[in-house]
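# Summary of the model geometry
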Amino acid sequence: MAEIEIFQEEFPSLESYWRSIILFGQNVASYKFALAKSLLEIAPLGKNALTLEDLSEPFSRHLCEHIKNFPKQVTSGSSKFLDTCKAFNDGEISKDRLLAATSQMGFNNVIDAFHVVNKKDIPMRFYQKDYGRRNKKIVLTDNIFKLQTMKYFDDFTNETESRWNLVETAWELGISRNLLDVQYNEKDKILFVNDDFRRKTITSARDALNGYQKGKCFYCFDDITVNGSENLICDIDHFFPHTLQPMMKYINIDGVWNLVLSCQNCNRGGGGKFARVPAVKYLTRLHKRNEFLIKSHHPLRETIMAQTGASQSERIAFLRATDKNAVGLLIHRWGTVNKGMEVF
Ligand SMILES: [Zn+2]
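Presented here is an overview of the structure given in this document.

So, how was this worked out
- Residues numbered from 1 in each chain as written.
- Predicted model: local features only at pLDDT ≥ 70, side-chain atom pairs only at ≥ 80, totals over all residues.
- Heavy atoms only, no water.
- Helix = DSSP H or I, 4+ residues; strand = E, 2+ residues; numbered from the N terminus.
- Rg over C-alpha atoms; globule rule 2.2 N^0.38 Å.
- Buried < 20%, exposed > 50% of the residue type's maximum accessible area, 1.4 Å probe, protein only.
- Contact = heavy atoms within 4.5 Å.
- Areas by Shrake-Rupley, 256 points an atom, 1.4 Å probe, with all protein chains shown as cover.
- Lys, Arg positive; Asp, Glu negative; His and termini not counted.
- Charge placed at Lys NZ, Arg CZ, Asp CG, Glu CD.
- Expected span 1.5 Å × (residues − 1).
- Donors = N, O, S within 2.8 Å, 3.2 Å for Na, K, Ca; no water.
- Tetrahedral: all angles 85-135°; square planar, octahedral: opposite > 155°, others 65-115°.
- Pairing = 2+ DSSP bridges.
- Axes fitted to C-alpha atoms, helices over the stretch in contact; angles between N-to-C directions.
- Parallel < 35°, antiparallel > 145°, perpendicular 65-115°, else oblique.
- Nonpolar A, V, L, I, M, F, W, Y, C, P; charged D, E, K, R; others polar.
- Polar contact = N/O pair within 3.5 Å; in protein donor to acceptor, adjacent residues only side chain to side chain.

## Brief notes about the overall build of the protein
- Per the secondary structure count, the protein includes 13 helices and 12 strands.
- For the protein, the C-alpha radius of gyration of 21 Å lies close to 20 Å, the compact-globule estimate for 344 residues.
- When its C-alpha atoms are laid out on the principal axes, the protein stretches across 70 × 45 × 40 Å.
- The proportion of buried residues among the 344 residues of the protein is 53%.
- If you take every contact in the protein between residues at least 6 apart in sequence, the share linking residues at least 24 apart comes to 67%.
- Carbon and sulfur atoms make up 51% of the accessible area of the protein, which totals about 15,800 Å².
- Charge centroids of the protein, computed over 46 positive and 41 negative side chains, lie 3 Å from each other.

## Some words on helix H3 (residues 31–42)
- In a regular helix each residue adds 1.5 Å, so 12 residues correspond to 16 Å; H3 covers 16 Å between its end C-alpha atoms and thus fits that length.
- In terms of residue burial, H3 counts as a mostly covered element, since 11 of its 12 residues are buried.
- Burial in H3 covers these residues: Tyr31, Lys32, Phe33, Ala34, Leu35, Ala36, Lys37, Ser38, Leu39, Leu40 and Ile42.

## Remarks on the coordination of the zinc ion
- Protein-derived ligands of the zinc ion are Cys217 (SG), Cys220 (SG), Cys263 (SG) and Cys266 (SG), with the metal-ligand distances lying across 2.3 Å.
- Of note is the zinc ion, whose 4 donor atoms meet at the metal with angles of 105 to 114° in an arrangement that counts as tetrahedral.
- Positions of the donor residues of the zinc ion, expressed as sequence spacing, correspond to C-x2-C-x42-C-x2-C. Within this pair, whereas Cys217 is found in the loop between helix H9 (205–213) and strand E9 (235–238), its partner Cys266 is found in helix H10 (residues 264–268), the two being separated by 49 residues in sequence.
- Relative accessible area serves as the criterion here: at 0%, Cys217 is assigned to the buried category.

## Thoughts on the sheet that holds strand E1 (residues 49–51)
- In space, the 3 strands of this open sheet follow the order E1-E5-E4, with antiparallel pairing throughout. Two strands bound the open sheet, and with one partner strand each, they are E1 and strand E4 (127–131). Strand-to-strand twist across the sheet, computed as the mean angle between neighbouring axes with direction ignored, equals 25°.
- When E1 meets strand E5 (residues 136–140), the two strands line up antiparallel, connected through 3 bridges. Note on E5: the bridge partner recorded for Thr51 is Lys137.
- Contacting E1, E4 and E5, helix H4 (residues 52–69) runs over the sheet at an angle of about 75° to E1.

## Here's the deal with the packing of H4 against helix H5 (residues 80–89)
- Between H4 and H5, the shortest axis-to-axis distance is 9 Å and the interhelical angle comes to 75°. Between H4 and H5, the crossing angle belongs to the class labelled roughly perpendicular. Residue-level contacts link Phe59, Leu63, Cys64, Ile67 and Lys68 of H4 to Phe81, Leu82, Cys85, Lys86, Phe88 and Asn89 of H5.
- Broken down by class, the residue content of the contact of H4 with H5 amounts to 8 nonpolar, 1 polar and 2 charged.

## Points about the side chain of Ser38
- Take Ser38: it is sitting in helix H3.
- According to the relative accessible area criterion, Ser38 is buried, its value standing at 0%.
- Among the polar contacts made by the side chain of Ser38, one reaches the main-chain carbonyl oxygen of Ala34 at a distance of 2.7 Å.
- Setting aside residues no more than four positions away along its own chain, Ser38 makes contact with Pro58, Phe59 and His62.

The structure is reproduced here in C-alpha cells:
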C-alpha cells in the first residue's frame, strides 16, 4: 500500500492520477473501466456537463462489447444491470431500453467510486458529481481536458482496455489466482494464458507494461511510442537477454518479470544494449517495478510471483542469482545516460 503513496508523492502529475485510477482502483467490477473509456471518448467533444443519459450510450456500449467475450464482469453475485446488457446482446431488448436501464442503474456504483484509489479519494478530480432532484449530471473538470492535450492521450484508452482485459481474464478463470500464469508470445507481442490447453490472448504486452512506464524508456527515460508504426514503436526488451535461455533453462526468460519497454536506440541502436547485461542500477529498477506490480495487486502479481519467488527475499535472491549467472555467461555490462527525468 505504501508503494502506491510513494508513487503519488514522487510524480503527482495529472497523468499519474489518471493512471492510478486505472491501475489501482478496486477491482470488484469493471464499471470503472467502462466509465474511463467513456470519458476519454467524450472529452474531445468539448462538452462539460453530461447527464447520465449522455453517458449511457458509450458506457453501455463498452460493457456490452466486453460481456460478449467475458460474461463475468463483477467478482461476486449478480447484477440486474449486467443482465440487461446481456439481454441486449442477445437481441431480447431494444437499444432504447438498454439506454434507459443504463441511466437508471448503470452508474449506481461507479460515479462515487471512480476517484477512490487505495480506499481513499485522490485529490485530483476528473469530474464533479452534480445530482439535482430532476437531473443527474456529472461536470467534467479542466483536468480531463488537460489530459486530452497530452501527447499520450491515445495511449490512455489502450491502457484502460489492456488493464480491463487482464482483470476480466483473472475473473474468467475463476480467480484461481495462484494459477494465473500469464505468458508472453514474442512473435505477436501479446500476453496470453493457457486455459484448458487453449491459448487465450489477453492483451498487447506493450499496453500492459506502459501503465507502469508512463510512456518512457525503461533505461533512458526518453519518450516512447506504444502504438505506432514499425520504425517508431518501442521495443519489448528482455532485461536479461533472450540469448541466455538455452544456458539458463531453469528460468523463464520470456516471463513478464523480465520484460520491459525500451526505446529502439537503447535496445539495438548505436551503443545499444543488445545481448549485454544491464548495469546494477537497472536491476534495482526492475526489482522495484516487479514489487510494485505485486504490491498493487495487479493481475500480473501471481505470474511474477510464480516466476521469481513467493516472498520478497526469494525474489531478491532470484534476481541476484540470475544477474550473477548472466554476467558469468555474457561478461559485459551495459548502461546509458538518461535522456529524460527519472519517473519510476
Ligand atoms: Zn532508451
